[in-house]
Amino acid sequence: MITNFTMLTLALTIAVLMRPWRLMAGATRLTPILAALTLIPWLWAMPSLHKMPLQLQGSGACLLVLMLGWPLAVPVLCVVGVIAALISPMPWETALDLTVWLGVVPATLALGMGLAVRRWIGPHLFVYILGRAFLGTAVCGFVAGVLAQFSGHSMPGIDNSLSLVAHWLAAWGDAFLTGLFTAIMVAFKPEWLATWSDRLYLTKP
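Residues numbered from 1 in each chain as written. Predicted model: local features only at pLDDT ≥ 70, side-chain atom pairs only at ≥ 80, totals over all residues. Heavy atoms only, no water.

K.L.:
Where do I start with the environment of W172 in this structure?
P.N.:
Within the fold, W172 resides in helix α7 (residues 160-188). Put simply, W172 and G141 are 31 residues apart on the chain and 8.1 Å apart in space, counted from C-alpha to C-alpha. Not counting chain neighbours up to four residues away, the residues in contact with W172 comprise F134, L135 and A138. (Helix = DSSP H or I, 4+ residues; strand = E, 2+ residues; numbered from the N terminus. Contact = heavy atoms within 4.5 Å.)

Below, the structure is given as C-alpha cells:
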C-alpha cells in the first residue's frame, strides 16, 4: 500500500506542477471529464458488484489521456478511484490499487507511447487512430497489467496462472473501445481530443 500511495502521490504532484487547469480553457474538456466520472468508475467497480468467473476490468485511462492530456487525466483518474470506492463495497486499499494500476500506470505508459509514435513514425491520421488509440492502448494495458502482477497486485477472482491471459484479454477489450471512440471523435468531435490537431494530422506534407 505504501508503494501505491507513493506512486500516486508522485504522479499527482507532477501533474499539478504542470498546471492541468490550463487545459480547461474554452470548457472543451468538461464533457469528456463528466463522461469519464460517470462511466469509468463502474468499469473499475464491476468485479466488486458482480461475482463472475472471469472478472475483467476495463481501464479507460489511455482514452482519457487522448481526450484530456496526461496532466489533466491523472487527477481525474484519482477522482474516478474515489467514486469507484463509494459506489461499491471495495475497501479503500483496493480503490488505491485500481487507481494506480488501472489508472496512473497505463496513462503514463500511454503518454510515453504517444511521444514515441510522434517521434519515430510521425503525425499521420491512421497512425493516431490505429497506432496510439488501438495498438498503443493494447500494449500499454497489457504492460501495466504485467507490472501489476509482478508487483504482487493480482486481478480479483482470477488465479495467478491465468492472470497473464486475463490481462491480455482485458487490454484488447480496452483497446477496441479506445480505438472505436477515438475514431468517432476524430470524425465528429475532434475538439474533445486534447492530443489531436487538424494542422498536424490533416495537413498534407
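Next comes the rest of the write-up.
K.L.:
Which parts of the structure should I look at to understand the nonpolar core?
P.N.:
Core analysis: the largest hydrophobic core is formed by 48 residues, its most contacted members being W44, L64, Y128 and L193. Elements that contribute at least two residues to this core include exactly α1 (2-17), α2 (30-49), α3 (61-68), α4 (70-86), α5 (92-120), α6 (125-150) and α7. Each residue touching L193, except ones within four places of it in the same chain, is listed here: R29, L66, M67, Y128, T182, M185 and V186. (Core = buried A, V, L, I, M, F, W, Y, C linked by side-chain atoms within 4.5 Å. Buried < 20%, exposed > 50% of the residue type's maximum accessible area, 1.4 Å probe, protein only.)

K.L.:
How should I be thinking about the packing of aromatic side chains in this particular structure?
P.N.:
Within a pair of aromatic rings, the relevant descriptors are the distance that separates the centres and the angle that separates the planes. Tallied over the full model, the rule gives six aromatic pairs. Centroid distance W168 to W172: 5.5 Å. Interplanar angle 75 degrees. Geometry classified as edge-to-face. Here W168 and its partner W172 are both found in helix α7, four residues apart, which amounts to about one turn of the helix. Look at W172 and you get partly exposed, because its relative accessible area is 30%. Three or more aromatic residues link up through ring pairs in this structure, and these residues are F134, F142, W168 and W172. (Phe/Tyr/Trp six-rings, centres within 6.5 Å; stacked < 30°, edge-to-face > 60°.)

K.L.:
What should I look at first to understand the packing of α3 against α5 in this one?
P.N.:
Interaxial distance between α3 and α5 falls to 8 Å at its minimum, and their mutual angle equals 55 degrees. Taken together, α3 and α5 sit at an angle that is classed as oblique. Pair α3 / α5 crosses with right-handed handedness. Contact residues: α3 offers A61, C62 and V65, while α5 offers L102, G103, P106, A107 and A110. In terms of residue class, the contact of α3 with α5 is made up of seven nonpolar, one polar and no charged. (Axes fitted to C-alpha atoms, helices over the stretch in contact; angles between N-to-C directions. Parallel < 35°, antiparallel > 145°, perpendicular 65-115°, else oblique. Left-handed = near helix turned anticlockwise from the far one by under 90°. Nonpolar A, V, L, I, M, F, W, Y, C, P; charged D, E, K, R; others polar.)

K.L.:
I tried to follow the side chain of N4 on my own but got confused; where do I start?
P.N.:
Relative to the elements of secondary structure, N4 occurs in helix α1. Assessed through its relative accessible area of 3%, N4 is described here as buried. Within the structure, N4 has its side chain in polar contact with the side chain of D97 (distance 3.2 Å). (Polar contact = N/O pair within 3.5 Å; in protein donor to acceptor, adjacent residues only side chain to side chain.)

K.L.:
Would you mind going over the pattern of salt bridges with me for this structure?
P.N.:
Opposite charge on two side chains makes pairing possible when the charged atoms of those side chains draw close. Scanning all chains against the criterion turns up one salt bridge. As a salt-bridge pair, E191 and K189 come within 3.6 Å of each other at their nearest N and O atoms. When its relative accessible area of 34% is taken as the criterion, K189 is described as partly exposed. (Salt bridge = Lys/Arg side-chain N within 4 Å of Asp/Glu carboxyl O.)

K.L.:
Would you mind showing me how to read the state of the cysteines here?
P.N.:
Chemically, a disulfide is nothing more than a covalent bond linking the sulfur atoms of two cysteines. For the structure shown, the criterion picks out zero disulfides. Note on C62: no disulfide assigned, nearest cysteine sulfur contributed by C140 at a separation of 4.7 Å. On the basis of relative accessibility, which here comes to 3%, the residue C62 falls in the buried class. Judged by its relative accessible area of 2%, C140 is buried. (Disulfide = S-S within 2.5 Å.)

K.L.:
In this structure, what is going on with a nonpolar patch on the surface? I would like to understand it.
P.N.:
Together, F176, L177, L180, F181, I184 and F188 give the surface a local cluster of nonpolar side chains, amounting to about 610 Å² of exposed area. With respect to the helices and strands, the residue L177 is situated in helix α7. Classification of L177 by relative accessible area gives partly exposed; the value is 39%. (Patch = residues over 30% accessible without salt bridge, like charges linked within 9 Å, V, L, I, M, F, W, Y side chains within 5 Å. Areas by Shrake-Rupley, 256 points an atom, 1.4 Å probe, with all protein chains shown as cover.)

K.L.:
Explain α6 here, please?
P.N.:
One full turn of an α-helix is made of 3.6 residues, so residues set three or four places apart face in the same direction. Taking 1.5 Å of rise per residue, 26 residues should cover 38 Å, and α6 covers 35 Å from first to last C-alpha, within 8% of that figure. Its maximal kink placed at G136, α6 deviates by approximately 45 degrees. Remark: G152 follows α6 within two positions and exhibits a positive phi of approximately 90 degrees. (Expected span 1.5 Å × (residues − 1). Bend = angle between axes of the 7 residues up to and from the residue.)

The values reported here are purely geometric and, on their own, carry no functional implication.
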